[in-house]
Amino acid sequence: MAPLQLLVIDHLLDDDELAIQDTVRRFVDDRVRPNVADWYEDEPAPETMRDLAREAGKLGLLGMHLQGYGCAGTNAVAYGLACMELEAGDSGVRSLVSVQGSLAMFAIWRFGSEEQKQRWLPGMAEGELIGCFGLTEPDFGSNPAGMRTYARRDGTDWVLNGTKMWITNGSIADVAVVWAQTDEGVRGFVVPTDTPGFSAPAIGKKLSLRASITSELVLDGVRLPADAVLADATGLRGPLSCLNEARFGITFGALGAARDCLDTTLAYTGSREVFDRPLSSFQLTQSKLADMTLELQKGFLLAMHLGRLKDDGRLDPRQVSLGKLNNVREALTIARECRTILGASGITLEYPVLRHANNLESVLTYEGTSEIHQLVIGQSLTGESAFS
Ligand code: TGC
Ligand code: FAD
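Reading the values: the criteria
Residues numbered from 1 in each chain as written. Chains lettered and ligands numbered in written order. Predicted model: local features only at pLDDT ≥ 70, side-chain atom pairs only at ≥ 80, totals over all residues. Heavy atoms only, no water. Near = heavy atom within 4 Å. Polar contact = N/O pair within 3.5 Å; in protein donor to acceptor, adjacent residues only side chain to side chain. Areas by Shrake-Rupley, 256 points an atom, 1.4 Å probe, with all protein chains shown as cover. 1 Å grid on protein atoms, 1.4 Å probe; cavity = no way out; pocket = protein on both sides within 12 Å on 5 of 7 lines; lining within 4 Å. Sits in = over half its atoms within 2 Å of the grid points. Helix = DSSP H or I, 4+ residues; strand = E, 2+ residues; numbered from the N terminus. Nonpolar A, V, L, I, M, F, W, Y, C, P; charged D, E, K, R; others polar. Domains from an automatic or database assignment. Contact = heavy atoms within 4.5 Å. Buried area = accessible area lost by both parts, 1.4 Å probe. Salt bridge = Lys/Arg side-chain N within 4 Å of Asp/Glu carboxyl O. Points joined across faces, edges and corners; volume = space filled by probe spheres on them. Disulfide = S-S within 2.5 Å. Buried < 20%, exposed > 50% of the residue type's maximum accessible area, 1.4 Å probe, protein only.

## What about the site of ligand 1?
And then number 1: Around ligand 1, 24 residues are found, and the nearest of them are Ser95, Ser142, Asn244, Arg247 and Gly368.
And then number 2: Take arginine 237: an N or O atom from its side chain is 3.0 Å from an oxygen atom of ligand 1.
And then number 3: Residue glycine 368 places a main-chain N or O atom 2.8 Å away from an oxygen atom belonging to ligand 1.
And then number 4: Burial of ligand 1 by the protein amounts to 71% of the accessible area it has alone, namely 1100 Å².
And then number 5: Taken atom by atom, the bulk of ligand 1 overlaps the largest pocket.
And then number 6: No other element matches the six residues that helix H7 (residues 237–271) contributes to the shell around ligand 1.
And then number 7: When the residues that make up the shell around ligand 1 are grouped by side-chain class, the tally is eleven nonpolar, nine polar and four charged.

## Let's talk about the site of ligand 2
And then number 1: Lining the immediate surroundings of ligand 2 are 17 residues, of which Thr136, Ser142, Trp166, Thr369 and Phe387 lie closest.
And then number 2: Side-chain polar atom of threonine 136 to a nitrogen atom of ligand 2: 2.7 Å apart, as the coordinates give it.
And then number 3: Measuring from a nitrogen atom of ligand 2, one finds a side-chain N or O atom of threonine 168 at 2.9 Å.
And then number 4: When the free accessible area of ligand 2 is taken as 970 Å², the share hidden by the protein chains comes to 68%.
And then number 5: With respect to the pocket detection grid, ligand 2 is positioned in the largest pocket.
And then number 6: Listing elements by their share of the shell around ligand 2, those giving two or more residues are strand E3 (157–168), helix H10 (353–365) and helix H11 (370–382).
And then number 7: Broken down by element, the residue count for the shell around ligand 2 peaks at three residues, all from E3.
And then number 8: When the residues that make up the shell around ligand 2 are grouped by side-chain class, the tally is eight nonpolar, seven polar and two charged.

## Quick notes on the domain arrangement of the protein chain
And then number 1: For the protein chain, the domain assignment lists domain 1 (10–126), domain 2 (131–234) and domain 3 (238–382).
And then number 2: The distance between the C-alpha centroids of domain 2 and domain 3 comes to 30 Å.
And then number 3: Counting residues at the interface gives ten residues for domain 2, matched by eleven residues for domain 3.
And then number 4: With both chains or domains summed, domain 2 and domain 3 bury close to 800 Å², and 71% of this area falls on carbon and sulfur atoms.
And then number 5: When the buried surface of domain 2 facing domain 3 is broken down by residue, Ser142, Ser208 and Leu209 rank first, second and third, together holding 47% of it.
And then number 6: One can count zero salt bridges joining domain 2 with domain 3.
And then number 7: Counting across the interface, domain 2 meets domain 3 through three residue pairs in polar contact (both at pLDDT 80 or more).
And then number 8: Its residues placed into classes, the side of domain 2 that touches domain 3 shows seven nonpolar, two polar and one charged.

## A look at the layout of surface pockets
And then number 1: By volume, the largest pocket is sized at about 1400 Å³.
And then number 2: Surrounding the largest pocket, 47 residues form its lining, Gly141, Leu243, Arg247, Glu367 and Gly368 being those nearest its centre.
And then number 3: Within the residue set of the lining of the largest pocket, elements represented by two or more residues are helix H5 (91–111), E3, H7, helix H9 (317–341), H10 and H11.
And then number 4: Sorting elements by how many residues they give to the lining of the largest pocket places H7 first, with eight residues.
And then number 5: Counted by class, the lining of the largest pocket contains 20 nonpolar, 19 polar and eight charged residues.

## Concerning the state of the cysteines
And then number 1: With the rule as written, the count across this model stands at zero disulfides.
And then number 2: Residue cysteine 83 stays outside any disulfide, its sulfur separated by 14 Å from that of cysteine 71, the closest cysteine.
And then number 3: Taking relative accessible area as the criterion, cysteine 83 reaches 1% and is therefore assigned buried.
And then number 4: We note that cysteine 132 lacks a disulfide partner, and the nearest cysteine sulfur, in cysteine 242, lies 13 Å from it.

Right under this line is the structure:
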């Protein structure tokens with residue numbers, strides 16, 4: 001029996017949600033699984049990521065929970081399920097889709113002018129245009145309030161200077177949503193990446209999320225017209241609202257990676273013999289499998305609860321912190337435990353478990369580290385801020 005079947009979890013999903021999940025699962029089986037080990041080993045070529053984005057666009061996965069402008073307009077649960085299936089392939093593929101839809105497109109969709117939406121969103125929904133989201137800086141990751149990137153007014157123009165770090169899709173992006181300090185507080189800017197002064201060198205030597213492009217963004221006197229600013233966002237609330245969207249997707253997504261590890265491990269234990277018996281017949285193995293299945297199912301129930309709250313318009317950012325913290329942490333624990341069961345085979349790219357575990361190290365850190373989410377939850381429990 002598959003780990004998510006024990007609780008008859010499909011019972012929680014409607015026909016549309018099941019159909020979307022099935023479509024994304026087939027996309028991952030056809031397009032991601034056969035190639036992902038090579039992408040992970042060699043790092044994907046920019047054109048590979050662009051092709052993948054176009055294919056995801058054709059399936060309606062980019063900005064899929066947004067309304068209008070060529071977006072599919074699904075509910076939040078369907079978006080979560082898509083993230084789960086994508087991340088069962090690889091966290092980097094889910095990142096491609098969630099940075100595009102939940103961060104770059106959402107920022108324009110939620111805070112942009114009608115002209116900005118018309119200009120960028122349809123092409124981004126198709127995957128013809130790639131977006132990135134620049135919040136983190138070399139010295140300010142968990143604490144974006146300290147950011148040094150600055151946008152100063154020069155007549156009606158804006159001029160941006162600064163550096164962003166660890167930016168997914170940066171060097172393949174056509175458009176960057178860049179957050180900067182201004183005299184009015186933090187503002188967001190829609191930056192076409194062919195603007196003079198903008199460059200995005202890729203970051204190499206990664207041991208995690210290798211099937212994803214991660215870059216620095218350098219803004220050296222980037223001059224933008226007055227209408228490049230996201231008019232409806234002033235203050236940190238703007239970028240943090242975008243993070244809620246992506247963190248929600250990760251709450252489902254991380255479970256996909258964990259499920260893939262567990263499915264792989266379950267199959268392995270049935271065929272691998274140790275001490276003249278199948279590995280699956282040992283009590284210690286079964287104990288591990290039972291505990292991992294329990295955590296996977298609990299995580300899914302949590303994600304579904306948050307998804308239904310979101311579709312009801314009642315999801316609070318602190319609840320998203322509960323989901324991101326729990327599900328990524330448990331997914332990483334599951335991936336590592338699965339690796340132990342596979343023994344030496346577990347360290348190769350022939351099996352997905354160590355690749356998933358390595359990826360989940362990034363997922364644990366990005367979109368708010370575990371510690372940041374603990375502090376968000378701690379603050380809501382005690383009323384005391386322990387951030388600084
Ligand atoms: P604080 O003073 O608490 O809040 C400032 C303003 O923001 C509001 N706010 C939120 N609004 C919406 N959603 C949230 N989750 C919000 N959290 C806070 C708050 O109400 C306030 O509004 P206003 O109107 O009163 O001004 O802010 P703080 O400076 O103390 O920081 C709080 C903290 C530490 C929780 C926040 O800075 C944080 O979340 N830090 C983590 C940074 C982070 O997650 N970065 C992610 C970068 S993007 C990324 O990683 C992409 S990975 C690729 C992929 O997803 O695949
Ligand atoms: P730091 O903030 O330096 O934290 C270091 C350690 O200190 C962590 O353990 C942290 O939890 C802990 N810590 C920090 N503050 C506190 C505190 N107050 N109390 C206790 N402990 C604390 N960013 C983007 O803007 N866009 C992207 O597209 C993007 N993509 C990414 C892709 C990858 C593969 C990775 C790895 C990162 C990406 N990021 C992106 C950056 C990511 O959001 C940051 O790495 C993350 O927010 C943490 O920041 P940091 O790495 O600077 O760690």
